[in-house]
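Survey of secondary and tertiary structure
Single-letter residue listing:
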Amino acid sequence: MPSRSHISCMFLGRGIPCLQSCMDKNNHQNELTIDELLKRNIASVSFHPKDPLKGILSANGVYTTKNGTTWKKLTQFGDFNGPVHYFNDLLLFVGNYRSVDGGEHFENYIQLDKLTVAIEKQLGYQPKKLQVKQIQTLAPYRLKIQVDTGVRSLEMESPLFSQEWRVSKNKFDKPTVF
């Protein structure tokens, strides 16, 4: 069913060209240029390790690009402002979620209950809250995250394709600022 703006365009007697114009305006809300994105507060950005034109960022929503110029909104994340990470052509991370198909679909991946168990076992306390603040991958095939526990910030690591979390002893690398 057409939206209210589509219906109003049709009733104005402009027909199909106006309908297409209205649809273009709605699609534009889900696609931004790099100039439009740079006017927002960018919470996190990550680029493909071998192709700097491919990227993902969060700035009052999550956006991906394949050409470095036009950024498409991933509408399932609403106005999300949090960590994102571009591992390769297929594997992307957005907060606690990951995509194994290049950003077409996402699944809940970083399981907070498993992080809680690791913190309790290693540090002897149950976190007041858990919020993933940063995501990064390490060689060979390890995932490193920074989490806020409500008391302090911790770095945690797991093999990339499992949920075997442990509190890390290494410092979390500072992200590159662009």
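As a reminder, the structure under discussion sits directly above these lines.
Note that this is a predicted model, so its numbers are computed, not measured. (Residues numbered from 1 in each chain as written. Predicted model: local features only at pLDDT ≥ 70, side-chain atom pairs only at ≥ 80, totals over all residues. Heavy atoms only, no water.)

Things to note about the sheet that holds strand β3 (residues 55–58)
Counted only if it meets this: Strands pair, by our definition, only if DSSP identifies at least two bridges between them. A run of DSSP states H or I qualifies as a helix once it reaches four residues; a run of E qualifies as a strand once it reaches two. Both are numbered from the N-terminal end. An axis is simply a line fitted to the C-alpha atoms; with a helix, the fit covers only the stretch in contact. Between two such axes, the angle follows the N-to-C directions and lies from 0 to 180 degrees.
An order of β1-β5-β4-β3-β2 is seen for the five strands of this open sheet, with the pairing classed as antiparallel. Both outer strands of the open sheet, β1 (31–33) and β2 (44–47), are each paired with one neighbouring strand and no more. On average, adjacent strands in this sheet sit at an angle of 25° to one another, irrespective of strand direction. Here β2 runs beside β3; their pairing, made up of four bridges, is antiparallel. The residue bridging S46 from the neighbouring strand is I56, located in β3.

Describing the sheet that holds strand β8 (residues 97–99)
Strand order across the open sheet formed by four strands is β6-β7-β8-β9, with antiparallel pairing between neighbours. Each having just a single partner strand, β6 (84–86) and β9 (107–108) make up the two edges of the open sheet. Where β8 and β9 come together, two bridges link them in antiparallel fashion. By the bridge assignment, Y97 is partnered in β9 with N108.

Concerning the nonpolar core
Heads up, the rule is: Side-chain atoms within 4.5 Å link the members of a nonpolar core, which is a set of buried Ala, Val, Leu, Ile, Met, Phe, Trp, Tyr and Cys residues. Only protein chains enter the calculation, and the probe is 1.4 Å; a residue is then buried if its accessible area is under 20% of its type maximum, exposed if over 50%, and partly exposed in between.
By size, the foremost hydrophobic cluster in this structure holds 19 residues, and its most contacted members are I110, L115, L143, I145, V147, M156 and W165. Where this core is concerned, the elements lending two or more residues are α3 (112–123), β10 (131–138), β11 (142–148) and β12 (153–159). One finds I56, V62, L74 and V84 within the second-largest nonpolar core, a separate group that totals nine residues.

Focus: the packing of aromatic side chains
How we decide: A pair of aromatic rings is counted whenever rings of Phe, Tyr or Trp (Trp by its six-membered ring) have centres within 6.5 Å, and the orientation is called stacked for planes under 30 degrees apart, edge-to-face for over 60 and tilted otherwise.
Evaluated as defined, the whole model comprises six aromatic pairs. With a centroid separation of 5.0 Å and 85° between ring planes, the pair formed by F77 and F106 is classed as edge-to-face. With F77 in the loop between β5 (70–73) and β6 and F106 in the loop between β8 and β9, this residue pair connects regions lying 29 residues apart in the sequence. In terms of burial, F77 and F106 fall into one category: buried.

With respect to α3
The criterion, for reference: An expected span of 1.5 Å times one less than the residue number is assigned to each helix.
The terminal C-alpha atoms of α3, which comprises twelve residues, lie 16 Å apart, in line with the 16 Å expected from a rise of 1.5 Å per residue. Downstream of α3 by one or two residues, G124 has phi in the positive range, about 80°.

Concerning the environment of Y109
Inclusion rule: Contact criterion: two residues are considered in contact whenever any of their non-hydrogen atoms come within 4.5 Å of each other. Pairs of N or O atoms are called polar contacts if they sit within 3.5 Å, as long as, within protein, a hydrogen donor faces a hydrogen acceptor (for residues adjacent in sequence, only side-chain-to-side-chain pairs).
Note on placement: Y109 falls in the loop between β9 and α3. A C-alpha to C-alpha distance of 5.9 Å links Y109 and R98, two positions eleven residues apart in sequence. Once residues lying within four places of it in the same chain are set aside, the contact partners of Y109 are F93, N96, Y97, R98, L143, P159, L160, F161, S162 and Q163. From its side chain, Y109 meets the backbone oxygen of S162 in a polar contact 3.1 Å long.

So, the pattern of salt bridges
Going by this rule: Salt bridge criterion: a side-chain nitrogen from Lys or Arg within 4 Å of a carboxyl oxygen from Asp or Glu.
Using the criterion set out here, one finds six salt bridges in the structure. A salt bridge links K54 to D89, with the nearest nitrogen and oxygen atoms 2.9 Å apart. Placement of the pair is K54 in the loop between β2 and β3 and D89 in the loop between β6 and β7 (92–94), with a sequence separation of 35 residues. Given a relative accessible area of 42%, D89 falls into the partly exposed group.

Topic: the layout of surface pockets
Defined as follows: Grid spacing is 1 Å over the protein atoms alone, the probe is 1.4 Å, and a cavity is where that probe fits but cannot get out, while a pocket is an open set with protein on both sides within 12 Å along at least five of seven lines and lining residues have an atom within 4 Å of a point. Grid points are joined across faces, edges and corners, and a volume is the space filled by probe spheres set on the points. When residue character is reported, Ala, Val, Leu, Ile, Met, Phe, Trp, Tyr, Cys and Pro are called nonpolar, Asp, Glu, Lys and Arg charged, and the others, Gly included, polar.
Estimates place the volume of the second largest pocket at around 350 Å³. What lines the second largest pocket is a set of 19 residues, and nearest its centre among them are T64, K66, K72, G102 and E104. Counting residues per element, the ones that place at least two in the lining of the second largest pocket are β4 (62–65) and β5. Broken down by element, the residue count for the lining of the second largest pocket peaks at four residues, all from β5. Considering only residue class, the lining of the second largest pocket consists of four nonpolar, eight polar and seven charged.

Re the environment of W71
If you trace the backbone, W71 turns up in strand β5. Residue classification places W71 among the buried residues on the basis of a relative accessible area of 1%. Remark: the alpha-carbon pair of W71 and E31, spanning 40 residues in sequence, is separated by 5.4 Å.

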